[in-house]
Amino acid sequence: MRSLLLALLLCATLPALAQAPADSQSYTLKTQSNVVLIPTTVQTKHGEMIYELKPEQFVVEDNGVPQAVRVDEDTDSLGLSLVVVVQCSRAAGYEYPKLSGLGSMIDGIAGDAPREVAIVTYGSAPLLLGKFSNNVDAMSRALSQLEPCDDPEASTLDAVAYATKLLEARQNHYRHAILLISETRDHGSTAKPAEVVAALGRTNTVVDSVAFGPGKTEVMSDLKYGGGSGPIGLLVMAVNALKKNAAHELAALSGGEYINFTTQRGFDEGLHQLSNHVHNYYLLSFQPHAEANGEPASGMHRIRVKIPDYPEARIRFRESYFAGELDAAAANTN
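So, a few notes on the structure that sits alongside this text. In this text, all values refer to a predicted model and were calculated from it rather than measured experimentally. (Residues numbered from 1 in each chain as written. Predicted model: local features only at pLDDT ≥ 70, side-chain atom pairs only at ≥ 80, totals over all residues. Heavy atoms only, no water.)

## Description of the overall build of the chain
Heads up, the rule is: A run of H or I in DSSP counts as a helix once it spans at least four residues, and a run of E counts as a strand once it spans at least two, with each numbered from the N terminus. Note on classification: 1.4 Å probe, protein chains only; a residue is buried when its accessible area is under 20% of the maximum for its type, exposed when over 50%, partly exposed between these limits. Throughout, a contact is declared for two residues whenever any of their heavy atoms are within 4.5 Å.
Counting its regular elements, the chain contains nine helices and 14 strands. Within the span of the chain, comprising 334 residues, buried residues form 55% of the whole. At a minimum sequence separation of 6, the contacts of the chain that also span at least 24 residues come to 83%.

Given below as structure tokens:
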């Protein structure tokens, strides 16, 4: 199975990044509002990866309604636009020594696919250190500017909102991804959580989170939003979960991976696990049943993925997407 998005813990040197394809390049999928992408990892109950599943083995439900699903088989033709977002403030300074190899961890992000990378750091506000480039030297120069900052805030949602806008402005059909390295909780963002959730869904952006303390793994079970119904109910659940652990919920909402570390060993082991998962997942997609205007029903949609042939399988997938525009009432959900 071809490698897809974020892969860390790679070789110690960065080979030259692939050039962007010509405008005539054909793409299997396009990042557009009426196609929903669902990165999906499938493991046995013992944690072993399950390979070579067929499209007909997946059951994908959108708000309980089964969808016609496809499994992309030509992901190497899909480029990747990646924004690396690194917190510089608060406790981040203590973690920077563990991240010294970040430059050598990024290169395998898209396998053989073309890619472009932007680098952002943040405390109370995001700062662009390096604009999108497929040049390895430009990326290295941007990464060399990463350093701790004396700032009491950690406005994670603001930084993710900023990165999402950068991705939305790209004039290509690349996949969109954010690699977030941060604390678990947000401190000081002014962006409305509902707007961040909607933007991630609208742009088909996947967030992979590498989070350091003070989060604990035992709170993870409290972050799975459930019990809500309807677009507003689902949005409220998502917003509440973002308040508890922004890094985890951003990954869960978008179909990305999440690791939490407190030690160098935990960081290394988490990256190994993350690397294994993101190199071995399926890229599912579907086109939602349309309303009269040809667009999916507005609001928050809950996604479920099942594999009847493997009832005990552990399946990780994108849990939701947002369609349409966010009205004023929904935007102020808190």
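From this point on, the discussion continues.
## Quick word on the pairing of strand E5 (residues 80-87)
Heads up, the rule is: Paired strands are those between which DSSP finds at least two bridges.
Taken across its eight residues, E5 has eight buried, putting it largely inside the fold. Here E5 shows no split at all, with Leu80, Leu82, Val84 and Val86 on one side and Ser81, Val83, Val85 and Gln87 on the other all buried. Both E5 and strand E6 (residues 115-122) contribute to a ladder of eight bridges, which runs parallel. Bridging from a neighbouring strand, Val84 pairs with Ile119 of E6.

## Points about the sheet that holds E5
Strands belonging to one sheet form pairs held by backbone hydrogen bonds; the direction of such a pair is parallel or antiparallel. Operational definition: Angles here are taken between N-to-C directions and fall from 0 to 180 degrees, while the axes themselves are lines fitted to C-alpha atoms, restricted in helices to the stretch in contact.
The sheet built from six strands is open, its strands ordered E7-E6-E5-E8-E9-E10 with mixed pairing. Looking along the sheet, the strands with just one partner apiece sit at the ends: strand E7 (126-133) and strand E10 (258-261). The average angle at which neighbouring strand axes cross in this sheet is 15°, direction not considered. The sheet contact formed by strand E9 (residues 205-212) and E10 spans four bridges and is parallel. Looking across to E10, one finds that Phe212 is bridged to Phe261. Its contacts with the sheet put helix H4 (residues 156-168) on E5, E6, E7, strand E8 (175-183) and E9, and the angle it makes with E8 is roughly 160°.

## Observations regarding the environment of Gly93
Considering the arrangement of structural elements, one finds Gly93 in helix H1 (residues 92-95). Remark: the alpha-carbon pair of Gly93 and Pro148, spanning 55 residues in sequence, is separated by 4.9 Å.

## Re helix H5 (residues 193-202)
Helical periodicity: at 3.6 residues per turn, an α-helix aligns residues three or four positions apart in one direction. For H5, the buried fraction is high: eight of the 10 residues fall into the buried class. Those residues of H5 that fall on the buried side of the exposure criterion are Pro193, Ala194, Val196, Val197, Ala198, Ala199, Leu200 and Gly201. Positive backbone phi, approximately 55°, marks Asn204, located one or two places after H5.

## Describing the environment of Asp62
Note the cut-off: Identification of polar contacts relies on pairs of N or O atoms within 3.5 Å, with a donor-acceptor requirement for protein atoms, meaning one able to donate a hydrogen and the other able to accept it, and with residues adjacent in sequence counted only if both atoms are side-chain atoms.
Relative to the elements of secondary structure, Asp62 occurs in strand E2 (residues 59-62). For Asp62, a relative accessible area of 6% corresponds to the buried category. For the pair formed by Asp62 and Ser320, sequence separation is 258 residues and the distance between their alpha carbons is 8.5 Å. In contact with Asp62, other than residues within four places in its own chain, are Gln67, Phe286, Pro288, His301, Arg302 and Tyr321. Within the structure, Asp62 has its side chain in polar contact with the side chain of His301 (distance 2.8 Å). A distance of 2.5 Å separates the side chain of Asp62 from the side chain of Tyr321, its partner in a polar contact.

## Some words on the state of the cysteines
The line we're drawing: Here, a disulfide means two cysteine sulfur atoms that sit within 2.5 Å of each other.
Summed over all chains, the structure comprises one disulfide. Paired by a disulfide, Cys88 and Cys149 hold their sulfur atoms 2.0 Å apart. Judged by the torsion about the S-S bond (75°), the Cys88/Cys149 disulfide is right-handed. Here Cys88 is found in the loop between E5 and H1, whereas its partner Cys149 is found in the loop between helix H3 (136-144) and H4, with 61 residues between them in sequence. Cys88 sits in the buried class, given a relative accessible area of 6%.

From the geometry alone we can't say anything about function, so treat these as descriptive.
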